[in-house]
Each structure stands twice: as structure tokens, then as C-alpha cells.
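Here's the letter readout for the chains.
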Amino acid sequence: MAINWFKYSAPSTFYWLAGKLAPWFAWPSAVLFAVGLYIGFFVAPTDAQQSEAYRIIFLHVPASIMSMFIYLVMACYAAVGLIFNTRLSSMMASALAPTGALFAFISLWTGALWGKPMWGTWWVWDARLTSELILLFLYFGFIALHASIDDPRRADRASALLAIIGSVNVPIIYFSVKWWNTLHQGSTVKFTGTSMHAAMQQAMFTVLVACWFYAIAVALARVRSIILERERNTQWVAELPEARS
Amino acid sequence: MNWGEFFAMKGYGFYVWGSYGVALLIFIIEIVLVRHKRNITLQQLRLLRDAEKEEEGTT
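Residues numbered from 1 in each chain as written. Chains lettered and ligands numbered in written order. Predicted model: local features only at pLDDT ≥ 70, side-chain atom pairs only at ≥ 80, totals over all residues. Heavy atoms only, no water.

## Examining the environment of Ile57(A)
All names here are of chain A. Among the structural elements, isoleucine 57 can be located in helix H2 (residues 57-84). The class of isoleucine 57 is buried, set by a relative accessible area of 6%. For the pair isoleucine 57 and threonine 188, spaced 131 residues apart in sequence, the C-alpha separation works out to 9.3 Å. Aside from chain neighbours lying at most four places away, what touches isoleucine 57 is Pro62, Trp114, Thr188, Met196 and Met204. (Helix = DSSP H or I, 4+ residues; strand = E, 2+ residues; numbered from the N terminus. Buried < 20%, exposed > 50% of the residue type's maximum accessible area, 1.4 Å probe, protein only. Contact = heavy atoms within 4.5 Å.)

Put into C-alpha cells, the structure is as follows:
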């Protein structure tokens, strides 16, 4: 069956599609969170070095991965919007930014709460932590810049440029533990595999997928409001049953 | 293992539950905000429709 993908790049069709898809990501996300945290807290053994404190990893690593991944997806959408002048891509970029910022914050927050008992400090200005903080500020910058320009298409273009330039920070975060001598430990998840206990790995990857589904569901739900707001003068929005009094 | 021991996390309870608790709170806030935003947007659309209808009525 041939699917006309361009059909879904029309905001009117995507509004409908996003509404249909969002629950299919939201509920599995909740289930995966429950399963992942069950494994993480009841199946995974106590760590030999870090005792129970290490269990922060099941949230810290997925949140950190998501903060970087969402940034790249956001930058891609923004770039597509900039190059092909597609409104919907820019709207998706705007819809992803707050969720990405939230994961960056969770990454820093859980990192601080993990750093205190393990390193003896909430924060150090080391390469990994600083570059992740810059990522959070890049999200804030993207959101603020977009909000500060009245014309939405101009706002899309300006913030797209910021998103694209800022994406150089993502590999810096990832490789920071290799390039510089940092207090932060090396990557837990490497392309060559990991040295973790099986149950720990399962918990972490399950929570990662849960976070991924959560991000998709929330971004889809958020983009629907953005679409309505920006397309409010179109005929299809005027005819929308839920927008009628 | 009883629940008291479980929540104590061998002395790391504050750090572990502080991490998960704040994350949960943030997720809940985001979900509430997204829903609120949708209600506000729909409400504004209705106001816009009503204003247009009134304009049509007066002219």
C-alpha cells in the first residue's frame, strides 16, 4: 500500500494524526515506566561500590540520553523547516523544545543528587556537567528566541539557526568524558556494549524507551495546540467540531 | 526486606527519592500544562468564532 507521506506534512492532517497517535505512546510509556522501575528497584541487585544510591542511574542515564536525542531531533525538524519552508516541521521543533529542556533539567537534578553522596559535591564545573548545563540553556534560548519574535515564520527561522548551531554541543557532551579528564564517570552505554549487570541494563533500557514514548506523546499533544494557534485563520480550524461553541 | 528498609535505601533515600520524586512532579506539571494549553487554545478559538459571528450579525 502506498502511503502519501506528504499528506501528513499538512498541518490539518497532522493535527488529526497526532491526536490519534498520542494515546498509543502515552499508555505504553506509563506501563514501561512501571516495568522498568520494578526491575530497577526489585530485581536489580545492590551495587557493590555505590550501595543503593546507584539506582538513580535508571533515571539519570535515560534522561541524559533523551535530552541530547531530543535536541538533535528538534534541530533536524528546525533545519527541515528552514530549508524546505515547511511550517509543520518548525511547529514540531517548537513542540519538542520544552520536553527536551525538562529532560536536561532532570539529568542535571538527578546528577546533583547522585554527585552529593558519591563525589561529596552537588556540582563541579567539569566538562560533562558544564556541557549538559549549556544544553539546558540552548533549549531555553530556543524557546525564548522563538517567543520574542512576533512573526511566527521569522521566529521559526531565527530559532532554527540557533538550534542548528547549538547542535555542535551534543557530541561535545557525549565525548566530554573521553576528551577531558572529568569527575564524571565514563559512558555507561557505549557503542561497543556495556559492563552492567543484565537486570540493571534491562531496567535502564526499559525506562529509556518509556521516556522516549513519553516525549513523543507529549510533543504530539503539544503540537496540536501549536497547530491550532498558528492556523486559527484557516477554514479547517474554523470547521473543527471541538473549536465550535 | 520491609517497606521501611526499602524507602531508607540504606541511607540514600533522600537522594534516590529526591531524584525520582522531582522527575515525577515535573512530568505531572508538564502533562497538566499541555492539557491546560489545549483548553485555552480551544477557548480562544471559540471566542474568535463568536466575535466573527457578532461582526456578521451587526453588518
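We are not done yet, so read on.
## Digging into the side chain of His184(A)
Mapped onto the fold, His184(A) is located in the loop between helix H6 (169-179) and helix H7 (198-230). When sequence neighbours within four positions are dropped, the list of residues in contact with His184(A) reads His60(A), Trp119(A), Asp126(A), Arg128(A), Leu129(A) and Val177(A).

## Remarks on the interface of chain B and chain A
Between chain B and chain A, the contact holds 30 residues from the first and 43 residues from the second. With its nearest N and O atoms 2.7 Å apart, the salt bridge here joins Arg222(A) to Glu30(B). Run the count over chain B and chain A and you get twelve residue pairs in polar contact (both at pLDDT 80 or more). The set of elements that each furnish at least two residues to the side of chain B that touches chain A consists of helix H1 (3-8) and helix H2 (13-58) of chain B. Of all the elements, H2(B) adds the most residues to the side of chain B that touches chain A, at 25 residues. (Salt bridge = Lys/Arg side-chain N within 4 Å of Asp/Glu carboxyl O. Polar contact = N/O pair within 3.5 Å; in protein donor to acceptor, adjacent residues only side chain to side chain.)

## Let's talk about empty space enclosed by the protein
Residues and elements named next belong to chain A. For the structure shown, the criterion picks out one cavity of 30 Å³ or more. A volume near 30 Å³ is recorded for the largest cavity. Broken down by secondary-structure element, the contributors of at least two residues to the lining of the largest cavity are helix H3 (87-119), helix H4 (127-148) and helix H5 (152-166). Residue composition of the lining of the largest cavity, by class: four nonpolar, four polar and one charged. (1 Å grid on protein atoms, 1.4 Å probe; cavity = no way out; pocket = protein on both sides within 12 Å on 5 of 7 lines; lining within 4 Å. Points joined across faces, edges and corners; volume = space filled by probe spheres on them. Nonpolar A, V, L, I, M, F, W, Y, C, P; charged D, E, K, R; others polar.)

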